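# Coordinate analysis (summary)
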Amino acid sequence: MDQAHPPLRAGTLYLVATPIGNLEDITLRAIRTLKECDIVAAEDTRHSGQLLKHLGISKPMLSYFQFNEARRSEEIIDRLRRGEKIALITDAGTPGISDPGERVVKAALDAGFKVEAVPGPSALTAALTASGLSTKEFHFAGFLPHKSGQRRKQLERLRSCSGTLVLYESPYRIAKLLNEINEVLPGRKVVLARELTKKFEEYLRGTPEELLASIEKRALKGEFVALVEGSDKSPSRAEASHENE
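Note on numbering: residues in each chain are counted from 1, in written sequence order. Residues qualify for local features only when their pLDDT is at least 70, as the model is predicted, and side-chain atom pairs are given and counted only at 80 or more; totals for whole chains, interfaces and linings, by contrast, use all residues. Hydrogens and water are ignored here; the side-chain numbers use all heavy atoms of the structure.

Moving on: the overall build of the protein chain. Here a strand is any run of E in DSSP of at least two residues, a helix any run of H or I of at least four, and the numbering for each starts at the N terminus. Within the protein chain, the regular secondary structure consists of nine helices and ten strands. Dimensions of the protein chain, computed from the C-alpha atoms along their principal axes, are close to 60 × 40 × 40 Å. For the exposure calls, accessible area comes from a 1.4 Å probe over protein chains only, and a residue counts as buried if that area is under 20% of its type's maximum, exposed if over 50%, partly exposed in between. Expressed as a percentage of its 245 residues, the buried residues of the protein chain come to 47%. Each accessible area value is a Shrake-Rupley result obtained with a 1.4 Å probe; residue values ignore everything except the protein chains displayed when judging cover. For the protein chain, the accessible surface area stands at approximately 13,300 Å², while carbon and sulfur atoms represent 50% of it. Charge counting follows a simple rule: Lys and Arg are positive, Asp and Glu are negative, and His as well as the terminal groups are ignored. By convention, the point assigned to a charge is CZ for Arg, NZ for Lys, CD for Glu and CG for Asp. Charged side chains of the protein chain number 36 positive and 34 negative; the gap between the two group centres comes to 2 Å.

A separate point is the pattern of salt bridges. Any two side chains of opposite charge can pair if their charged atoms end up close together. Salt bridges, as used here, are contacts in which a Lys or Arg side-chain nitrogen is within 4 Å of a carboxyl oxygen on Asp or Glu. Counting across every chain of the model gives 19 salt bridges. The partner of arginine 79 in a salt bridge is glutamate 84, and the shortest N-O contact between them spans 3.0 Å. Looking at arginine 79, the relative accessible area reads 18%, which means it is buried. The shortest N-O distance in the salt bridge between arginine 152 and glutamate 183 comes to 2.7 Å. In this pair, arginine 152 is assigned in helix α6 (residues 148-158) and glutamate 183 in helix α7 (residues 174-184), connecting sequence segments 31 residues apart. Judged by relative accessible area, arginine 152 falls into the partly exposed class, the value being 27%. Salt bridges sharing common partners tie together Arg72, Glu75, Arg79, Arg82 and Glu84.

With that settled, consider the packing of aromatic side chains. Under the pairing criterion, centres of Phe, Tyr and Trp rings, with the six-membered ring standing for Trp, must be within 6.5 Å; the plane angle then separates stacked pairs below 30 degrees from edge-to-face pairs above 60, leaving the rest tilted. Across all of its chains, the model carries two aromatic pairs by this definition. Ring centres 5.6 Å apart and planes at 70° place the aromatic pair phenylalanine 143 and tyrosine 168 in the edge-to-face group. With a gap of 25 residues between them, phenylalanine 143 in strand β6 (residues 138-143) and tyrosine 168 in strand β7 (residues 164-169) connect regions that are remote in the sequence. Aromatic ring contacts, followed pair by pair, group Phe140, Phe143 and Tyr168 into a single cluster.

Right, let's talk about the packing of α6 against α7 for a bit. Angle between the axes and distance between the axes: these two values describe a pair of packed helices. Taken N-terminus to C-terminus, the directions of α6 and α7 make an angle of 45°; their axes are 10 Å apart at the nearest point. By the angle between their axes, α6 is oblique relative to α7. Crossing angle aside, the handedness with which α6 passes α7 is right-handed. Residues Ser148, Arg151, Arg152, Leu155 and Glu156 of α6 form the contact with α7, whose own contacting residues are Lys176, Leu177, Glu180, Ile181, Glu183 and Val184. For the contact of α6 with α7, the per-class residue count stands at four nonpolar, one polar and six charged. To get an axis, a line is fitted to the C-alpha atoms, and for a helix only the part in contact is used. The angle between two axes follows their N-to-C directions and goes from 0 to 180 degrees. An angle below 35 degrees is read as roughly parallel, one above 145 as roughly antiparallel, one from 65 to 115 as roughly perpendicular, and any other as oblique. We call a crossing left-handed when the near helix sits turned anticlockwise from the far one by less than a right angle, and right-handed when that turn is clockwise. Whether two residues are in contact is decided by their heavy atoms, any of which lying within 4.5 Å being enough. Under this grouping Gly is polar, as are all residues other than the nonpolar Ala, Val, Leu, Ile, Met, Phe, Trp, Tyr, Cys and Pro and the charged Asp, Glu, Lys and Arg.

Right under this line is the structure:
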């Protein structure tokens, strides 16, 4: 293994993955990058400030989020032009995966600057690998649209995917999502992963109907990763019947 730890390079944007719950999941490389960078661009400076304080790191911070990402991208590019080393983090997990970051990355690359990933925690990979569903092929769709018609259309487009379907959902819409999966993908195996890496981490497994019956009896908190068994390219009778309606 390469034991060398080259210093951060000037004019580089570092995408640093941060813990999704358990603070022990921060990598040694992520800590070193946060210590050596010139500034940390964070989705929520108050939230990320707590992480830096826990790590004993004090750095200037710049906020960027969904509604100011375009303006902040310009400022980040200006800082890269001045040779600054910038670490970009989100509230939890890997920047750009259903979190701000994609626009900043594109702007940096278009301007000719180097972008380097500092990999680490991700709810997507954590849930998928422990789900028990196929990991050979998967399709990540993130959060579905809020509007029912758009959500249903997207699920219908994803119905024929042969790999495991991975979605993110809030606790306020998880029952709605299960009902929609039951209508569009009846009979598929579903795994709900919640509170990943935290004290009350939990995996719920079953059909959409079984899971609906289960969660109706409980008040479930925390963000969900919903994983749906992929199509076997020979739809079940229930799905075939639904398609012919």
